[in-house]
Amino acid sequence: MDSEQPAQEGKVVLKKKVTLLRGISIIIGTIIGAGIFISPKGILKNTGSVGMSLTVWTVCGILSLFGALCYAELGTCIKKSGGHYTYILEVFGPLPAFVRVWVELLVIRPAATAVISLAFGRYILEPFFMQCEIPELAIKLITAVGISLVMVLNSTSVSWSARIQIFLTFCKLVAILIIIVPGVIQLIRGETQHFKNAFAGNDASVMGLPLAFYSGMYAYSGWFYLNFVTEEVEDPEKNIPLAICISMIIVTVGYVLTNVAYFTTISAGELLLSKAVAVTFAERLMGNFSLAVPVFVALSCFGSMNGGIFAVSRMFFVASREGHLPEILSMIHVRKHTPLPAVIVLHPLTMIMLFTGDLYSLLNFLSFARWLFIGLVVAGLIYLRYKRPDMPRPFKVPLFIPALFSFTCLFMVALSLYSDPVNTGIGFAITLTGVPAYYLFIVWDKKPKWFRNFLDKLTVTLQILLEVVPSEEDQRS
């Protein structure tokens, strides 16, 4: 690693700047967003009892760890950035890989960024509007500033965005400890009335339990983000599996203990009625200190925005390098060595979603697409074991883990079709638009000359404006 560094110094390439600590901060910092502080109620609502909801939180954590371990194996044997996209390309070929990146770029990522950013906007303004409702426009304007700030940060410096990610991850863990420690003190004092008959309550329906799992798996999603930046990780064979295991254990223990802490002070009924559970909890136990909670939640959301954009921009960078997205997206800033176009391409799309789209419907449409592709990737791991047994695998998981996890993903997709056929159908239709787009933009090579000239001129103009050039590694290959 050190011997390569001087050789890389003057070259326009993405440097290996993601250490073990930065890797952990990317995973934890992106998984823990606003959900655990605002609405850990999706699980409780669908399970109907305190005991069952805590069981689902634990099981979802273990299942997510299984998925993360599968990605650790893939990340150490396919040493390319790009995450899901790269693995689908490697196993299933270019068409499914293009469809994945198409739906991610046009809908999933802008909608997901806008949702977490809106939570940031709401909570950063909360202390100033304690007595009244926050105006929607104010939330959207502050959100727009937050999104722009994250984009500028990721365009300017890999090191600085990684340092800020470590700081924000530390803030998240402090926020979770601020909830867990008083909760443990409450338990020691004997405040266990909400845990008596923990499994009594409304019986979980056959439909409710799987939907609770859906909410739980969504709360843990984010464990795959380190695989988006594999090429920038120092010593990936060691650091990727280590970062994934450490992060998932910390997040699972943190999530379960946070929920236990809530139930020491808030009953199941009150939790379902609360608009922001962490704030309700803090007001009961900490008085005026509860003002700090919205600030920590806002910082937590900012960390998720930062980690998500840092990672996903690499997926667009790699897809462009493979010829699936415009060439400009695989270029690097000549001085800052950041994939500037791949970062800022999300900005206009996210702004359009923020001010016009019905974000939550979009995410419902497409949550099935996310699990379908993750299930395919993990099934692909099993396929690679048989198809390419000689592939070097520095880290290897027992086969039952990918088998169980891919079954879980496909079960969730089937469930979403059964429980919400209309939204899932719309999501399926949006995803399928990637097929004609693939044949139009990628396969069809007899495009008119004027169109090709226009694209070339546009690329050169953007290169000059953004001060970006192709990566020197790409030029060599």
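Residues numbered from 1 in each chain as written. Predicted model: local features only at pLDDT ≥ 70, side-chain atom pairs only at ≥ 80, totals over all residues. Heavy atoms only, no water.

Colleague: Just checking my understanding: could you explain the overall build of the chain for this structure?
Modeller: Counting its secondary structure elements, the chain contains 22 helices and two strands. Here the chain has a C-alpha radius of gyration of 22 Å; the compact-globule value for 477 residues is 23 Å, and the two agree. Expressed as a percentage of the 477 residues in the chain, the buried residues total 55%. Sequence-distant contacts in the chain: of pairs separated by 6 or more residues, those separated by 24 or more amount to 82%. Surface accessibility of the chain: about 20100 Å² in total, with carbon and sulfur atoms responsible for 68%. (Helix = DSSP H or I, 4+ residues; strand = E, 2+ residues; numbered from the N terminus. Rg over C-alpha atoms; globule rule 2.2 N^0.38 Å. Buried < 20%, exposed > 50% of the residue type's maximum accessible area, 1.4 Å probe, protein only. Contact = heavy atoms within 4.5 Å. Areas by Shrake-Rupley, 256 points an atom, 1.4 Å probe, with all protein chains shown as cover.)

Colleague: I'm lost on empty space enclosed by the protein in this one. Help?
Modeller: Space left empty within the atom packing is revealed by a probe, the size of a water molecule, rolled over the atoms. Applying the stated criterion across every chain, the model contains one cavity of 30 Å³ or more. Counted as a void, the largest cavity has a volume near 50 Å³. Together, Phe37, Ala175, Ile178, Ile179, Ala292, Val293, Phe296 and Val297 line the largest cavity. Elements with a contribution of two residues or more to the lining of the largest cavity: helix 9 (158-188) and helix 14 (292-321). In terms of residues, the lining of the largest cavity owes the most to one element, helix 14, which gives four residues. For the lining of the largest cavity, the class distribution of residues is eight nonpolar, no polar and no charged. (1 Å grid on protein atoms, 1.4 Å probe; cavity = no way out; pocket = protein on both sides within 12 Å on 5 of 7 lines; lining within 4 Å. Points joined across faces, edges and corners; volume = space filled by probe spheres on them. Nonpolar A, V, L, I, M, F, W, Y, C, P; charged D, E, K, R; others polar.)

Colleague: Any chance you could explain helix 16 (residues 346-356) here in plain terms?
Modeller: Every α-helix carries 3.6 residues per turn, so stepping three or four residues along brings you back to the same face. Among the residues of helix 16, Leu346, Thr350, Met351, Met353 and Leu354 are the ones counted as buried. Looking straight down helix 16, one finds that the buried residues subtend no more than 165 degrees of arc, so they occupy a single side. Seen from the buried face of helix 16, the exposed residues on the opposite side, beyond 90 degrees, are Ile352 and Thr356. (Arc of directions from axis to C-beta.)

Colleague: Looking at this structure, how should I read helix 6 (residues 84-92)?
Modeller: Burial in helix 6 covers these residues: His84, Tyr85, Thr86, Tyr87, Ile88 and Val91. Positive phi appears at Gly93, one or two residues downstream of helix 6, with a value of about 95 degrees.

Colleague: Is there a simple way to think about the layout of surface pockets in this case?
Modeller: There is about 1100 Å³ of room inside the second largest pocket. Considering the residues around the second largest pocket, the lining is formed by 39 residues, among which His324, Leu325, Pro326, Glu327 and Leu455 are closest to the centre. Those elements that place two or more of their residues in the lining of the second largest pocket are helix 7 (94-125), helix 14, helix 15 (340-344), helix 16, helix 20 (434-443), helix 21 (449-466) and helix 22 (472-476). Taken together, the residues of the lining of the second largest pocket sort by class into 25 nonpolar, seven polar and seven charged.

Colleague: Where do I start with the packing of aromatic side chains in this structure?
Modeller: Geometry of an aromatic ring pair is reported as the spacing of the ring centres plus the angle between the planes. Counted according to the given criterion, the structure contains 20 aromatic pairs. Following the ring pairs from residue to residue traces out a cluster consisting of Tyr71, Tyr87, Trp223, Phe224, Tyr225, Phe228 and Phe405. Over the ring of Trp160 we find Arg163, and its NZ or CZ is 5.0 Å from the ring centre. The ring centre of Phe310 lies 4.2 Å from the NZ or CZ of Arg314, which sits over that ring. (Phe/Tyr/Trp six-rings, centres within 6.5 Å; stacked < 30°, edge-to-face > 60°. Lys NZ or Arg CZ within 6 Å of the ring centre and 35° of its normal.)

Colleague: I'm lost on the confidence of the model for the chain in this one. Help?
Modeller: Low pLDDT means the predicted atomic positions in that stretch should not be read closely. Of the residues in the chain, 91% reach a pLDDT of 70 or more, and the chain-wide mean stands at 84. Here residues 1-9 scores under 50 on pLDDT; set against residues more than four positions off or in separate chains, the count is ten contacts. (pLDDT = per-residue confidence, 0-100.)

Colleague: Can you help me understand the packing of helix 7 against helix 16 in this one?
Modeller: Helices that pack against each other are described as a pair by the angle of their axes relative to one another and the distance between those axes. One way to put it is that helix 7 packs onto helix 16 with a least axis distance of 8 Å and a crossing angle of 65 degrees. Here the hand of the crossing between helix 7 and helix 16 comes out right-handed. On the side of helix 7, the interface is formed by Leu105, Leu106, Val107, Arg109, Pro110, Ala111, Thr113, Ala114 and Leu118, while helix 16 contributes Leu346, Leu349, Thr350, Met353 and Leu354. (Axes fitted to C-alpha atoms, helices over the stretch in contact; angles between N-to-C directions. Left-handed = near helix turned anticlockwise from the far one by under 90°.)

Colleague: Would you mind showing me how to read the state of the cysteines here?
Modeller: Disulfide: a covalent bond connecting the sulfur atoms of a pair of cysteines. Tallying each qualifying case throughout the model produces zero disulfides. The thiol sulfur of Cys60 is not disulfide-bonded, and the nearest other cysteine sulfur, from Cys409, lies at 12 Å. (Disulfide = S-S within 2.5 Å.)

Colleague: I'm lost on the environment of Ala311 in this one. Help?
Modeller: Position of Ala311 among the secondary structure elements: in helix 14. For Ala311, a relative accessible area of 0% translates into the label buried. Here the alpha-carbon distance between Ala311 and Leu346, two residues 35 residues apart in the chain, equals 12 Å. Not counting residues within four places of it along the chain, the set of residues in contact with Ala311 comprises Tyr225, Phe228 and Val229.

Colleague: Just checking my understanding: could you explain the pattern of salt bridges for this structure?
Modeller: Once the charged atoms of two side chains with opposite charge are near each other, the side chains can pair. This structure, assessed with the given rule, holds twelve salt bridges. The closest approach of N and O atoms between Arg393 and Glu73, which form a salt bridge, is 3.5 Å. On the criterion of sequence distance, the pair formed by Arg393 in the loop between helix 17 (359-387) and helix 18 (400-419) and Glu73 in helix 5 (residues 50-77) is long-range, its members being 320 residues apart. In this structure, Glu90 and Arg388 form a salt bridge, with 3.5 Å as the shortest nitrogen-oxygen distance. In this pair, Glu90 is assigned in helix 6 and Arg388 in the loop between helix 17 and helix 18, connecting sequence segments 298 residues apart. Among the ionic contacts, a cluster of salt bridges with common partners joins Glu73, Arg385 and Arg393. (Salt bridge = Lys/Arg side-chain N within 4 Å of Asp/Glu carboxyl O.)

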